[in-house]
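Below, each chain spelled out in residue letters.
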Amino acid sequence: MPIPVSRPCIVSLRGLGVTLTGAAGAVEVLRGIDLDLAPGETVSVVGPSGAGKTTLLMIIGGLERPSAGRVTVAGHDLRALDEDALARFRGRHVGIVFQSFHLIPTMTALENVAAPRELAGEPDAFERAREELAAVGLDHRLGHYPGELSGGEQQRVAIARALVNRPDLLLADEPTGNLDAATGDQVIDHLFARSRDKGATLVLITHEARLAGLCGRTIRIADGRIEAWETKPPEPAMDTSGGPAAPVEAQQAVSPAPAQGSPDHHTTSPPVEAQRAVSPAPAQDSPDHHTTSPAVPAGSGIHPRTSRTAGPR
Ligand SMILES: Nc1ncnc2c1ncn2[C@@H]1O[C@H](COP(=O)(O)OP(=O)(O)OP(=O)(O)O)[C@@H](O)[C@H]1O
Ligand SMILES: [Mg+2]
């Protein structure tokens, strides 16, 4: 059964395979992933440690290259982009919150957050960076270096940095992993609100079922494959004719998925309805609705390119 998703897609993966080679030999990390994501959709990615979740995020964000298959994001075939074009693509379209922050240690919190916007040539980089840091409750830590911040504060700086260019696609890898419950809830509210306000697609890797349940869709990865997906049923609202709301699949098949994932969903929605993923949506190119990128200096590498453990260049 095809994975239901609205068109146009902001992310389209077809036959995605990733093989990584380390000292211990080659590892097939992702195998045959087919996936479409709609603009404004909120999607959680869950699965056991080592399943390939971070790798999937890195591929979508243009930080790692696939070994096989096609990756189309915001209208760009990422295989066709060289390193400079990929850096421009990221600066224009993608905000990533890394599992291990990847802040630049020699830059203050303010400079870390401003950097992607400066590299995009925007004159308001520091003003916007201040706003983003204030929004995550860090306006009193602007001049602190990462080494002078707690883990949770560093995480919030990383979130502010991911948001500073107002991306179409927000990729967050366990963004609450270092936060206490109250701060984690605030950060999640913030990410969902920004996704909703901007109509940005939010992809959230999490080990917390509660957070996964806030998203419109949950994709379960196991051993490098999509093992299952779950789509949240519609809110128990009546349509204008007085009948029950259309099923989620039908809604998604005919119109862009509405920006979902308001924390309100969490308190009002019934449990997600499990459905098995057997086959992908039919292959279809993403629309060419994001074809221009502002000039960004070559190798603007705010994000680490090839290694998740190396710091940014
Ligand atoms: N450079 C590499 N060479 C070989 N294997 C690698 C390399 N980098 C990662 N892997 C392997 O790829 C697999 C998937 O890693 P990934 O980081 O995507 O997992 P994950 O699902 O995000 O796990 P976690 O929940 O622990 O963060 C792991 O088994 C890991 O050991
Ligand atoms: Mg991971």
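In the block above lies the structure referred to throughout.
Now for a quick tour of the structure. A quick note: this is a predicted structure, and the numbers were derived from the prediction, not measured. (Residues numbered from 1 in each chain as written. Chains lettered and ligands numbered in written order. Predicted model: local features only at pLDDT ≥ 70, side-chain atom pairs only at ≥ 80, totals over all residues.)

Structural notes on the sheet that holds strand β1 (residues 11-22)
Selection rule: The criterion for strand pairing is that DSSP finds at least two bridges linking the strands in question. Only DSSP runs of H or I covering at least 4 residues are called helices, and only runs of E covering at least 2 are called strands; the numbering of each starts at the N terminus.
Read from one edge to the other, the open sheet built from 4 strands follows the order β2-β1-β4-β5, with strand pairing classed as antiparallel. Each of the sheet's edge strands pairs with one partner strand only, and the pair in question is β2 (25-37) and β5 (76-77). Of the strand pairs in this sheet, strand β4 (residues 68-73) and β5 are connected by 2 bridges, and their pairing is antiparallel. Bridging from a neighbouring strand, V73 pairs with H76 of β5.

Considerations on the pairing of strand β6 (residues 94-97)
Spelled out, the test is: Residue burial is a threshold on neighbouring C-beta atoms within 10 Å of the residue's own C-beta, all placed from the backbone, with 20 or more meaning buried, 12 or fewer meaning exposed, and counts in between meaning partly exposed.
With burial as the criterion, each face of β6 is covered, one bearing V94 and I96 and the other bearing G95 and V97. Relative to strand β7 (residues 169-173), β6 is paired through 4 bridges, and the arrangement is parallel. By the bridge assignment, V94 is partnered in β7 with L169.

Section: the nonpolar core
Using the following cut-off: Any nonpolar core is a set of buried residues, restricted to Ala, Val, Leu, Ile, Met, Phe, Trp, Tyr and Cys, that join up through C-beta atoms within 7 Å. By definition, residues are in contact whenever their C-beta atoms, placed on the basis of the backbone, come within 7 Å of each other.
Core analysis: the biggest nonpolar cluster contains 75 residues, and V113, I159 and L171 have the highest contact counts within it. Apart from the residues within four sequence positions on either side, L171 is in contact with L57, I60, G61, V94, I96 and V203.

Re the site of ligand 1
Just so we agree on the cut-off: Near, for a residue, is defined by distance from a backbone-placed C-beta atom to a molecule or strand, with 6 Å as the limit that must not be exceeded. By the convention adopted, Pro, Cys, Tyr, Trp, Phe, Met, Ile, Leu, Val and Ala count as nonpolar, Lys, Arg, Asp and Glu as charged, and the other residues, Gly among them, as polar.
Taken together, 14 residues lie near ligand 1, and G22, S49, G50, T54 and T55 sit nearest. Every element with two or more residues in the shell around ligand 1 is listed here: β1, β2 and α1 (53-60). When its residues are assigned to classes, the shell around ligand 1 shows 4 nonpolar, 9 polar and 1 charged.

As for the pairing of β7
Put simply, the rule reads: By convention, orient the strands away from the viewer: a clockwise path from the first strand over the helix to the second makes the crossover right-handed.
Among the 5 residues in β7, 5 count as buried, and that is most of the element. One ladder, built from 5 bridges, connects β7 with strand β8 (residues 201-205); its direction is parallel. Residue pairing in the sheet places D173 in a bridge with I205 of β8. For the crossover that starts at β7, traverses helix α6 (residues 181-198) and ends in the parallel β8, the hand is right-handed.

Brief notes about α1
Most of α1 is tucked away, with 8 of its 8 residues classed as buried. One or two positions beyond α1, positive phi appears at G62, with a value near 70 degrees.

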